[in-house]
Amino acid sequence: MRFRNLLLFIFIICWASLMRTSAQQWVVPDDQKGKVAPFMFSPDLQKQGEGIYTKNCVSCHGMPGKDNWVKQLSPPPGDLAMVKAQKQSDGELFYRITTGKAPMPEFRNILSEDERWWVISFLRTFNPKYVQPNPAGKGVFTGKVVKLQMTYDSVQKKVKVFATELTKERTMVASEGIGIMLFVKRYFGNMQLGDPKTTGKQGLVLFDFPTDLPGDKEGKVELICRVNDASGSISSSPVTSTYAIGVPTNKPGLTETRAWWSTRDKAPVWIILAYTISVIVVWSIIISIVISVIGIRKLNRT
Amino acid sequence: MEDHSTHGPNHDDGKDKGSSRRDFLKNLGLVGVGAATGAAALYSGHIFEAKKEASGQSKILLTQDGKLVEVDSLEIKARSKSGLDLLQSHGREGIPGKRWVMVIDLSHCRNARQCVSACQDAHHLKPEQYHMNTLQMKDSPDTAPYHMPKNCQHCDNPPCVAVCPVDATYKRPDGIVLIDNERCIGCRFCMAACPYSARIFNWLTPKDAEKDKDLVYNVELNVPQKLGTISKCLFSADRCREGKLPYCVSACPNGVYYFGDENEDAVTNGTTKETVRLSKLLRDNGGYQLMAELGTKPRVYYLPPKNRLFPFEEAKDNQPEKV
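Our subject in this report is the structure included herewith.

The rules we used
- Residues numbered from 1 in each chain as written.
- Chains lettered and ligands numbered in written order.
- Predicted model: local features only at pLDDT ≥ 70, side-chain atom pairs only at ≥ 80, totals over all residues.
- Helix = DSSP H or I, 4+ residues; strand = E, 2+ residues; numbered from the N terminus.
- Buried ≥ 20, exposed ≤ 12 C-beta atoms within 10 Å, placed from the backbone.
- Contact = placed C-beta atoms within 7 Å.
- Nonpolar A, V, L, I, M, F, W, Y, C, P; charged D, E, K, R; others polar.
- Axes fitted to C-alpha atoms, helices over the stretch in contact; angles between N-to-C directions.
- Parallel < 35°, antiparallel > 145°, perpendicular 65-115°, else oblique.
- Core = buried A, V, L, I, M, F, W, Y, C linked by C-beta atoms within 7 Å.

**Concerning the overall build of chain B**
Within chain B, the secondary structure is distributed over nine helices and 13 strands. Relative to its 323 residues, chain B shows a buried fraction of 38%. Counted over contacts in chain B with a minimum sequence separation of 6, partners at least 24 positions apart contribute 58%.

Below you can see the structure in the form of structure tokens.
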């Protein structure tokens, strides 16, 4: 009995330490490590990648090679021009950008796949030894090819997304079990509506559209639906459509109403009235004094 | 008839005189035309010489993308005036249809001060000048301390704008309160009126005065900073125009800041770039405004410092604030 307890104890210790190490390390699945970009990196793409990098990554990682990353973060983000970052394969970098791990955000819903590859193409410019593996051709891709169609059902007041997949016989059939996410376009980024949903047997998924979401002047909103796929085994492109289903929003500028802090033509009526009346009163008093002085002088002459 | 008879003898007498006067006038005309032509020739020659002299000189200029180029003096056309006019009118109009709003989540702030340095870099401020500062707060002896980033609250009822005697500080239709350093007379009424102490005054020569002296003044960036005038947080109006998040928001490594458009009911986190609904964020997290009881209607919301993600550490790098 005591021996069994000891064994159990040892097992628990081992399991806990295993859990601990796995919690600390950021393991990239083997099938993701070998993933390669679908196109060759070019100076143009590297430039695009630099733009995305400075907008999304620089706040923690700093500019590569300048060692200006944020030292207070745990785990440390590190300089991406250093060997530790550069010795990773493209697939590993892609997986880490896609999935994130606190405090690093996941960029799955923020950057498109191409944009993530552009960032990698930019990072590779800091590694003179880097040779890009051959891009994944269309023939190499073994996953599903999924096509999305989005419509708005005005009767049910729901956004319908229909997923079809390409079969081996080159026909399109309804695709079941595909995770779909719905976003609405906003000024600084896309906002997710509800949780991701999975397509049913007919390849169909329904999203509720919030009744109080503001649109533009005519209530138009731009919706984007895309496949929720972390593994990269599904090839599909996001679908964008505009529908007049939001709340029409045309609020006046904040300087439109009359306010006491505003400029002269937007001053409150009572200020304009009070000012005008007081000016008239003061001037009429001055004029009446002048008239009476003239009258007194005339009287004096006669 | 009478007139003719009386003038007749005179006419006859002065026949020679008349012809000599005509000749005189003719000669005078000829001389005049000749002189004018000569003068014109001389003047154009002078201009040509002047041009030749000027074209010998070239100037080294800095282009917008940071390249040094050598340009002939003659080819330089003063665009600075029209550029300034454009920036000034942009700066007054704002971005139509927008109402900018900021949300600061105090539970995430660990005083990394990346927002402060990004802001100071962008607006060419000295280390002791703050558009945005992280303050160490403790509401009462028994409550826990926390860090609080504080910038201009871009009030919808701005006391600073009301007191400005020269319309230098103004509110835009999109909600941003800006200061036009071209108009500011340095009276500092606005500093006295602001309950949030959000404004600073350039008492001394600004940081990059020498470097920035040829820059066209951008009212949406307050660069170049001007001696003897006010400077303040601008919600990075220049970045909003480009569809980018403000400097402080995108520099934060801890997800403290959200920024967006109230009309769209959406704010985007500067760190995670995740866009969420403004109304839900404020409702679920007990959002509040700073000193809302003053009736200033701030456009900056705070989320309370509950369940703080980082322990409080005394700040070591805070410069004493000089307003």
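**Things to note about the environment of B:Tyr301**
Residues and elements named next belong to chain B. Mapped onto the secondary structure, Tyr301 falls in strand 13 (residues 300-303). Looking at Tyr301, the number of C-beta atoms within 10 Å reads 22, which means it is buried. Here the alpha-carbon distance between Tyr301 and Met148, two residues 153 residues apart in the chain, equals 12 Å. In contact with Tyr301, other than residues within four places in its own chain, are Val103, Leu282, Gly287, Tyr288 and Gln289.

**Details of the interface of chain B and chain A**
Taken together, the contact between chain B and chain A spans 35 residues of the former and 25 residues of the latter. Among the secondary structure elements, those contributing two or more residues to the side of chain B that touches chain A are helix 5 (159-163), helix 8 (247-251), strand 10 (257-261), strand 11 (266-269) and strand 12 (275-277) of chain B. Of the residues that constitute the side of chain B that touches chain A, the class distribution is 12 nonpolar, 11 polar and 12 charged.

**Quick notes on the packing of helix 3 (residues 43-56) of chain A against helix 7 (residues 113-123) of chain A**
Residues and elements named next belong to chain A. At a closest axis distance of 7 Å, the pairing of helix 3 and helix 7 adopts a crossing angle of 100°. What the angle tells us is that helix 3 and helix 7 run roughly perpendicular. Within the contact between the two elements, helix 3 uses Leu45, Gln46, Gln48, Gly49, Glu50, Ile52 and Tyr53 and helix 7 uses Glu115, Trp118, Val119, Ser121 and Phe122. Each residue belonging to the contact of helix 3 with helix 7 can be placed in one class, and the counts come to six nonpolar, four polar and two charged.

**Details of the nonpolar core**
With 79 residues, the main nonpolar core has A:Ile180, B:Cys248, B:Tyr257 and B:Val267 as its most contacted residues. In contact with A:Ile180, not counting residues within four places along its chain, are A:Val161, A:Ala163, A:Pro196, A:Lys197, A:Thr199, A:Val205, A:Cys225, A:Val227 and A:Asn228. In terms of nonpolar packing, the next biggest core, distinct from the first, is built from 20 residues, A:Tyr53, A:Cys57, A:Leu80 and A:Leu93 among them.

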